[in-house]
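The primary structure of each chain is shown beneath.
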Amino acid sequence: MAASIVKRVSRVKKLNISHISARYKLLTGFRHFSTSKQWNKALVLGVYENESTDSIDFTGTARKFDEKADGKISQLLLTVKKPLKCGKTRTLHAVDPEFSSVLVTCIGKRGEGYDELETVDKGRESIRAAVAKAVLQLRELGENEIEVDSCGDTEASAEGCHLALFSYDDLKAEKSRKPTVRISCATRYSQDKNSMEKEWRKGAILAEGQNLSRRLMEMPANLLTPTKFAEIIKEQLADKCEVLVRDKDWAESMKMGSFLSVARGSVEPPVFLEIEYKGRQSDSPLALVGKGVTFDTGGISIKPSQGMDAMRGDMGGAACVAGSLLSVSKLQLPVHVKAFIPLCENMPSGSATKPGDVVTAMNGKTIQVDNTDAEGRLILADALCYSEQFNPSLILDMATLTGAIDVALGAGAAGVFTNSENMWNKLQKASVRSGDRVWRMPLFNHYTKKITECQLADLNNIGGSRSGGACTAAAFLKEFVNNKNWLHLDIAGVMSNSGDVAYLGKGMSGRPTRTVIEFINLMSKETKN
Ligand code: BES
Ligand code: ZN
Ligand code: ZN
């Protein structure tokens, strides 16, 4: 019986879509089937990995649908002897009158959770990856409305769908289709309907924040200049946040000589963005700082041309700050956040800073610029100093700062340098929820010595040799921070995805936006923020 259904279904697949419903009635004898307009509607169901060849371990939602379909889904799945493995899918057609496709996706072993060595929640990660694969396959089939199983973790399921469907095609004539995705209608019958829909919304908003970061990072630098970045941020955030756009004169009046030394090589004017989200009253906001180099040529210490196009993403820190603020404000988290984003281009020209030049930062420290390609730390130095003026309870900066962090950690995790054990624990906890990992790196005096040994000034901007490059960069930033709760995230290694994260397409990753949103969420539960 089941085998014949498979045969029939495969025949149905070959038929013209307009004939399908009529043929289906004949083939299956399904009396209530309608020639409905909803024949581009699909359903994603989760199953757990299960060795048995005569039973299927469905999720709660999937079980309900199987019952509703008189056990057809399990019958069809069991006609094939090989059980589904984690990450694999089976697509069934014409098993339910409401859906043209029912895609069954395997979400791994039941009960999988935190893996200590991997520092990740395997259950949640498998759900993200499994639903991501499912919605992309259904899009391929031309489905335009997709209902998705919560798979036991509604938030992770929503994140997987919305992250997978992102693509940057603003500049292409042919756009990729964006089917609508929503939580499976099984929630209609669930007692937790409201809380599940709330969780789905949270997952979708977390993904939306990361997708904004990805879009900003992917945009070409001729279109995303510092001025344009500020305009987009105003569009995206102005209804929820106060956005101040400071110009070069303002930066001069603040004595941001370090920031301005990077901007001076370009004809594009620098911008310093100050953004405030007040989800609660407090005198000690949480400060976010993001490196916003809209293009990094290296300046006079020019970079090799191969792969230089990726340096359009050198405003990744700024983008992740913006993406985090979008989600935090949409979720209306009860927290006070202030963000500081120095934006400029790093270009070689007749007016550019030269190796050996000495500049003075806002806190009066002098810096010998031995390499103009180590510009991120120069713009962050002033932004960190400025952020200290607002009595922040913590300062978190993000920057695509060094190639060395990519050598150390690759795309496995963002490198975190922090002077606070407590902050580290919170950020790590947040990353376990988001699946977007962090790894702690040292802030030893050993590295500080490398950047304070300087011929002409208080500090040099490269720390002598290439060894420990991410650590000397962090030690440099430390010279501009007094706050006892400081976290510096070097995100150069996680800047782009080349297939490592299954639910993110190839390209700029927007990592670790969701980790930072979760971190802010955790901090919002502490009264003083
Ligand atoms: N923007 C780069 C770092 C980077 C590298 C980001 C690869 C993303 C991918 C940064 O400004 C830089 O050029 N750093 C230099 C520092 C060196 C000159 C001390 C580097 O890492 O080579
Ligand atoms: Zn550089
Ligand atoms: Zn850079």
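Nothing here was measured: the structure is a model prediction, and the numbers come from that model.

**Some words on the coordination of the zinc ion (ligand 3)**
Next up, step 1: Ligation of the zinc ion (ligand 3) by protein atoms is provided by Lys291 (NZ), Asp296 (OD), Asp314 (OD) and Glu375 (OE), these donors lying 2.0 to 2.4 Å from the ion.
Next up, step 2: Because the angles between the 6 donor atoms bound to the zinc ion (ligand 3) fall within 76 to 175°, the donor set is best described as octahedral.
Next up, step 3: If you list the donors of the zinc ion (ligand 3) from N- to C-terminus, the spacing comes out as K-x4-D-x17-D-x60-E.
Next up, step 4: Separating the zinc ion (ligand 3) from the zinc ion (ligand 2) is a gap of 3.2 Å, bridged by Asp296, which donates to each. With Asp296 in strand β11 (residues 292-296) and Asp314 in the loop between β11 and α11 (316-330), this pair connects stretches of sequence that are 18 residues apart.
Next up, step 5: Residue Asp314 is classed as buried on the basis of its relative accessible area, which comes to 2%.

**Some words on the UniProt feature "domain: Cytosol aminopeptidase" (unreviewed entry) in the protein chain**
Next up, step 1: Using the residue numbers shown here, the UniProt feature "domain: Cytosol aminopeptidase" (unreviewed entry) corresponds to residues 371-378.
Next up, step 2: End C-alpha to end C-alpha, residues 371-378 measures 11 Å, and it is 38% helix and 0% strand.

**Concerning the confidence of the model for the protein chain**
Next up, step 1: With 91% of its residues at a pLDDT of at least 70, the protein chain reaches an overall mean of 92.
Next up, step 2: The low-confidence segment residues 1-36 (pLDDT under 50) makes 40 contacts with residues lying over four places distant or belonging to another chain.

**Topic: the nonpolar core**
Next up, step 1: Counting residues in hydrophobic clusters, the biggest one holds 63 residues, and the most contacted among them are Leu216, Phe229, Leu273, Ile275 and Leu396.
Next up, step 2: Here this core takes 8 residues from α11, the largest share from any one element.
Next up, step 3: Those residues in contact with Phe229 that sit more than four places away from it in its chain are Leu216, Leu224, Leu273, Met315, Ala318, Ala319, Ile341 and Leu343.
Next up, step 4: Counting 47 residues, the second largest nonpolar core, distinct from the first, contains Phe272, Ala474, Phe476 and Phe480.

**A few points about the site of ligand 1**
Next up, step 1: Surveying the vicinity of ligand 1 reveals 16 residues, the closest of which are Lys303, Asp314, Asp373, Glu375 and Gly403.
Next up, step 2: At 2.8 Å from an oxygen atom of ligand 1 is found a side-chain nitrogen or oxygen belonging to Asp373.
Next up, step 3: Contact between ligand 1 and Leu401: a nitrogen atom at 3.5 Å from a main-chain N or O atom of the residue.

**Some details on the packing of aromatic side chains**
Next up, step 1: A full pass over the atoms with the stated rule returns 10 aromatic pairs.
Next up, step 2: Taken together, a centroid distance of 5.6 Å and an interplanar angle of 90° make the contact between Phe340 and Tyr386 edge-to-face. Taken as a pair, Phe340 in strand β12 (residues 336-346) and Tyr386 in helix α12 (residues 376-388) lie far apart in primary sequence, 46 residues in all.
Next up, step 3: Taken together, a centroid distance of 5.2 Å and an interplanar angle of 80° make the contact between Tyr386 and Phe390 edge-to-face.
Next up, step 4: Owing to a relative accessible area of 4%, Tyr386 belongs among the buried residues under this scheme.
Next up, step 5: Of the residues examined, Phe390 reaches a relative accessible area of 23% and is grouped as partly exposed.
Next up, step 6: Every member of this aromatic cluster is reached through a ring pair, and the members are Trp250, Phe259, Phe272, Phe340, Tyr386 and Phe390.
Next up, step 7: In this structure, Lys338 packs its charged tip against the face of Phe390, placed 4.6 Å from the ring centre.

What counts and what doesn't
For every chain, the first residue of its written sequence is number 1, and the numbers climb from 1 along that sequence. Lettering for chains starts from A, numbering for ligands starts from 1, and both go in the order in which the items are written. Side-chain atom pairs in this predicted model are given and counted only at pLDDT of 80 or more, local residue features only at pLDDT of at least 70, and totals for whole chains, interfaces and linings cover all residues. Note that water and hydrogens are dropped before the side-chain values are worked out from all heavy atoms of the structure. Any N, O or S atom lying within 2.8 Å of the metal counts as a donor, and for Na, K and Ca the limit rises to 3.2 Å; water is left out, so some sites can look incomplete. Four donors are marked tetrahedral only if all angles between them lie between 85 and 135 degrees, whereas four are marked square planar and six octahedral if opposite donors are more than 155 degrees apart and the other angles lie between 65 and 115; the remainder are marked irregular. To qualify as a helix, a DSSP run of H or I must reach at least 4 residues; to qualify as a strand, a run of E must reach at least 2; elements of each kind are numbered from the N terminus. Between buried and exposed lies partly exposed: a residue is buried under 20% and exposed over 50% of the maximum accessible area for its type, with that area taken using a 1.4 Å probe on protein chains only. UniProt positions are given in the numbering used here, feature names are shortened, and annotations may be inferred rather than shown by experiment. pLDDT gives the predictor's per-residue confidence on a scale running from 0 to 100. Contacts: residue pairs with any heavy atoms within 4.5 Å of one another. As used here, the term nonpolar core means buried Ala, Val, Leu, Ile, Met, Phe, Trp, Tyr and Cys residues forming a set that is joined through side-chain atoms within 4.5 Å. Whether a residue is near a molecule or strand depends on its heavy atoms: if one lies within 4 Å, it is near. Think of a polar contact as two N or O atoms within 3.5 Å of one another; within protein, one of them needs to be a possible hydrogen donor and the other a possible acceptor, and neighboring residues in sequence only count if both atoms come from side chains. Between the rings of Phe, Tyr and Trp (Trp by its six-membered ring), a pair exists once the centres lie within 6.5 Å; its type follows the angle of the planes, with under 30 degrees stacked, over 60 edge-to-face, and the other angles tilted. Here, a charge over a ring is recorded when the distance from Lys NZ or Arg CZ to the ring centre is within 6 Å and its angle to the ring normal is within 35 degrees.

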